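Spelled out, the chains give:
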Amino acid sequence: MFSRPPKGIVINRKKQENRNRGFKDLRIGGSHEKKIWAALLLLTAAVNVTAWNSQAFCDWHVKHLFPLSVNAYGRLMSVFPFSVGEVLIVLAVVFTAAAILLGLARIFVRKGRGKLLISAFLRAYAWGFLAVFMIMTYNCFILYHASEFDETYMAQKAQRTYTDRELILVRNHIVSQLNELTRQLERDGDGFLVYEGDMKGEAIAAMQRLGGEYELLSGYYPQAKGITASDFLSQQYMMGYYFPFSMEANYNTSMYIVNVPATLCHELAHLKGFIYEDDANFIGFLACINSDDPFYRYSGYLSVLSYVEKEYKSASGKQAFDCLSIAESVYGDDIFLTKEAWEKVEENAVVETAVVKAASNQFTETTLVVNGVSDGMKSYGRVVQLLLEYYDGILYDCGPGYNGGAVLAEASAISSS
Ligand SMILES: [Zn+2]
């Protein structure tokens, strides 16, 4: 007998076929997609392994590939008047939370449109995650294994060791510059500094001037952008951020204005491939002190004062030094936020500052250590070594024949024993 299936069943079968085709297409696409995803992940991991093992590869990257980031991507991001990086961070948090929730939901949603939608979202999230890993590798991770500033530009001096004698000369020079400059600057009725010039423009000009001497710092710079959540940044004791995923230099708009010039130049230094904090501190310092603008010079000297003072104080525990005292107004300016700004921050705080600061410190410490900076946040203070190298030949001469170091080391040993 010849029987035909009822019409309804035919339709259902067609529907089923269509559905199957749909699933099949998804499955085929899925497996290809997965292979491409996994291949890119492995490739990026391999690039990271290469970076950890070859400084030459990283130096080549900083010189030839990395500049494309700021010249193309950074230029594109500069079109937006707000910090794109800040928006991306918020989106990343929202999408990650959604991915976790939907990942859990998928255990219970086993079929139908819901399953398809969840799968599509999770696939998109996986691609987003890979994109972030690739961009971070290209714009950040590799940079941690490239030559540091002094290895590239002060190679001979980087080998030298300096003594308390040079430290005192550098410290006194910085203090004398600050004492001189503090009298020239404009202040408001409360004694706080005010600035009327083109802050962001001068940061770019100062960095480009430095580029005339240090080639890696030459070329295009985007304008730095203020962070909307600056009060939250203050709670982290952060003056600025370089966002590798948006190639932006961002800064804290709540902090005391004298910190802004050095911070802008510090963040712009990161955009040129100098990822180390001590390098960025030093480059920021150099850009500022070579500016024609006294406010910039003051900000530059002030940005390293606390690091130098810390070393100076531990050195002066060993023996008595001629001490140049720091002017009252310099002390007054060496603050992160004004009292008034702190009150505003505390008023609007959602989480206690101590908690935010501890979490932020832990995050920074972990980021640095994971990227091979074994001394973590202490690395910020290595700027003093760079200052000692820079002033070698300017304030003193510690050429290869110099033996003052040995004499001072003995003197230190005697006085401390
Ligand atoms: Zn930095």
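Quick caveat, the model's predicted, so the values are computed rather than measured. Throughout this description, residue numbers start from 1 for each chain and increase along the sequence as written. Totals for whole chains, interfaces and linings use every residue, but because this is a predicted model, local features are given only for residues with pLDDT of at least 70 and side-chain atom pairs only at 80 or more, for both listing and counting.

Participant: Can you walk me through the overall build of the protein chain in this structure?
Facilitator: A run of DSSP states H or I qualifies as a helix once it reaches four residues; a run of E qualifies as a strand once it reaches two. Both are numbered from the N-terminal end. A tally of regular secondary structure across the protein chain gives 16 helices and three strands. The exposure scheme places C-beta atoms from the backbone and then counts, for each residue, the other C-beta atoms within 10 Å of its own, assigning buried at 20 or more, exposed at 12 or fewer, and partly exposed in between. A total of 417 residues make up the protein chain; the buried ones form 30% of that total. The long-range fraction of contacts in the protein chain, counting pairs at least 24 apart against all pairs at least 6 apart in sequence, stands at 73%. Any residue pair is listed as a contact if its two C-beta atoms, each placed from the backbone, are within 7 Å.

Participant: Sorry, what's going on with the confidence of the model for the protein chain here?
Facilitator: The predicted coordinates of low-pLDDT regions are not to be read in fine detail. pLDDT gives the predictor's per-residue confidence on a scale running from 0 to 100. Chain-level statistics for the protein chain give a pLDDT mean of 85 and a share of 85% at 70 or above. In the model, residues 18–29 has pLDDT below 50 throughout and makes zero contacts with residues more than four positions away in sequence or in other chains. In this model residues 404–417 is a low-confidence stretch, pLDDT under 50, and it forms 15 contacts with partners more than four residues away in sequence or in other chains.

Participant: Hey, could you run me through the pairing of strand S3 (residues 248–251) in this one?
Facilitator: Working note: regular strand, side chains alternate between the two faces of the sheet. The two faces of S3 match: Glu248 and Asn250 on one face and Ala249 and Tyr251 on the other face are all buried. In this structure, strand S1 (residues 225–226) lies alongside S3, joined through two bridges in parallel fashion. Considered in S3, the bridge of Lys225 is made with Asn250. A pair of strands is considered paired only if DSSP assigns at least 2 bridges between the two. As defined by bridge partners, strand S2 (residues 240–243) adjoins S3 across four bridges and the pair is classed as antiparallel. Bridged to Tyr242 within S3 is Ala249. Linking S2 back to S3 in an antiparallel pair, the connection comprises four residues, with Met247 at a positive phi of about 50°.

Participant: What exactly am I supposed to notice about the packing of helix H7 (residues 199–211) against helix H9 (residues 260–270) here?
Facilitator: Geometry of a packed helix pair, given as the angle between the helix axes and the separation of the axes. Whenever a helix is involved, its axis is fitted only over the stretch in contact; in every case the axis is a line through C-alpha atoms, and angles between N-to-C directions fall within 0 to 180 degrees. Contact geometry for H7 and H9: axes closest at 9 Å, N-to-C directions at 50°. The angle between H7 and H9 falls in the class oblique. Here H7 runs over H9; the crossing is right-handed. In this structure, H7 contributes Met199, Lys200, Ala203, Ala206 and Met207 to the contact, and H9 contributes Val260, Pro261, Leu264, Cys265 and Leu268. Residue polarity follows a fixed list, in which Ala, Val, Leu, Ile, Met, Phe, Trp, Tyr, Cys and Pro are nonpolar, Asp, Glu, Lys and Arg are charged, and the others, Gly among them, are polar. Residue classes in the contact of H7 with H9 are distributed as nine nonpolar, no polar and one charged. Oblique is the label for any angle not under 35 degrees, not over 145, and not in the 65 to 115 range, which are roughly parallel, roughly antiparallel and roughly perpendicular in turn. Helix crossings are classified by the rotation of the near helix relative to the far one: an anticlockwise turn of less than a right angle makes the crossing left-handed, while a clockwise turn makes it right-handed.

Participant: Which parts of the structure should I look at to understand the packing of helix H10 (residues 277–289) against helix H15 (residues 383–390)?
Facilitator: The interhelical angle for the contact between H10 and H15, taken along N-to-C directions, is 45°, at an axis separation of 8 Å. One element, H10, and the other, H15, form an angle in the oblique class. Crossing angle aside, the handedness with which H10 passes H15 is right-handed. Between H10 and H15, the contacting residues are Asp278, Asn281 and Phe282 on the first element and Val383, Leu386 and Leu387 on the second. Residue classes in the contact of H10 with H15 are distributed as four nonpolar, one polar and one charged.

Participant: Help me understand the environment of Tyr391, please; the structure alone is not making it clear to me.
Facilitator: Relative to the elements of secondary structure, Tyr391 occurs in the loop between H15 and helix H16 (404–416). Take Tyr391: there are 19 C-beta atoms within 10 Å of it, and that puts it in the partly exposed class. Considering only alpha carbons, one finds Tyr391 and Leu169, 222 residues apart in sequence, at a separation of 9.0 Å.

Participant: What is the right way to read the sheet that holds S3 from this model?
Facilitator: Strands belonging to one sheet form pairs held by backbone hydrogen bonds; the direction of such a pair is parallel or antiparallel. Ordered in space as S1-S3-S2, the three strands form an open sheet in which the pairing is mixed. In this open sheet, the two strands that pair with only one neighbour each are S1 and S2. Sitting on the sheet, H9 is in contact with S2 and S3, with an inclination near 155° to S3.

Participant: Quick question: what am I supposed to make of the nonpolar core here?
Facilitator: Nonpolar side chains tend toward joint burial in soluble globular proteins. Ranked by size, the top nonpolar core spans 73 residues in total, and within it Met207, Cys265, Leu268, Ile283 and Leu387 carry the most contacts. Shared between two domains, this core takes at least three residues from each, and those domains are domain 1 (7–145) and domain 2 (150–416). If we ignore the near neighbours within four places in the chain, the residues touching Cys265 are Ala203, Ala206, Met207, Ile283, Gly284, Ala287 and Cys288. To count as a nonpolar core, a set of buried Ala, Val, Leu, Ile, Met, Phe, Trp, Tyr and Cys residues must be joined through C-beta atoms within 7 Å. Start and end positions for the domains come from either an automated domain assignment or a database one.

Participant: I'm lost on the environment of Gln385 in this one. Help?
Facilitator: With respect to the secondary-structure elements, Gln385 resides in helix H15. Take Gln385: there are 18 C-beta atoms within 10 Å of it, and that puts it in the partly exposed class. Between the C-alpha atoms of Gln385 and Val308, which are 77 residues apart in sequence, the distance is 9.5 Å.

Participant: Sorry if this is basic, but what is going on with unusual backbone geometry here?
Facilitator: Leaving glycine aside, a negative phi is the common case for residues, and trans is the common case for peptide bonds. Not every positive phi belongs to a glycine, and Tyr237 is a case in point at roughly 60°. Counting through the fold element by element, Tyr237 comes out in the loop between helix H8 (230–235) and S2. Here Met247, not a glycine, exhibits a phi torsion of approximately 50°, which is positive. Looking at the element boundaries, Met247 is found in the loop between S2 and S3. Assessed through the 24 C-beta atoms surrounding it within 10 Å, Met247 is described here as buried.

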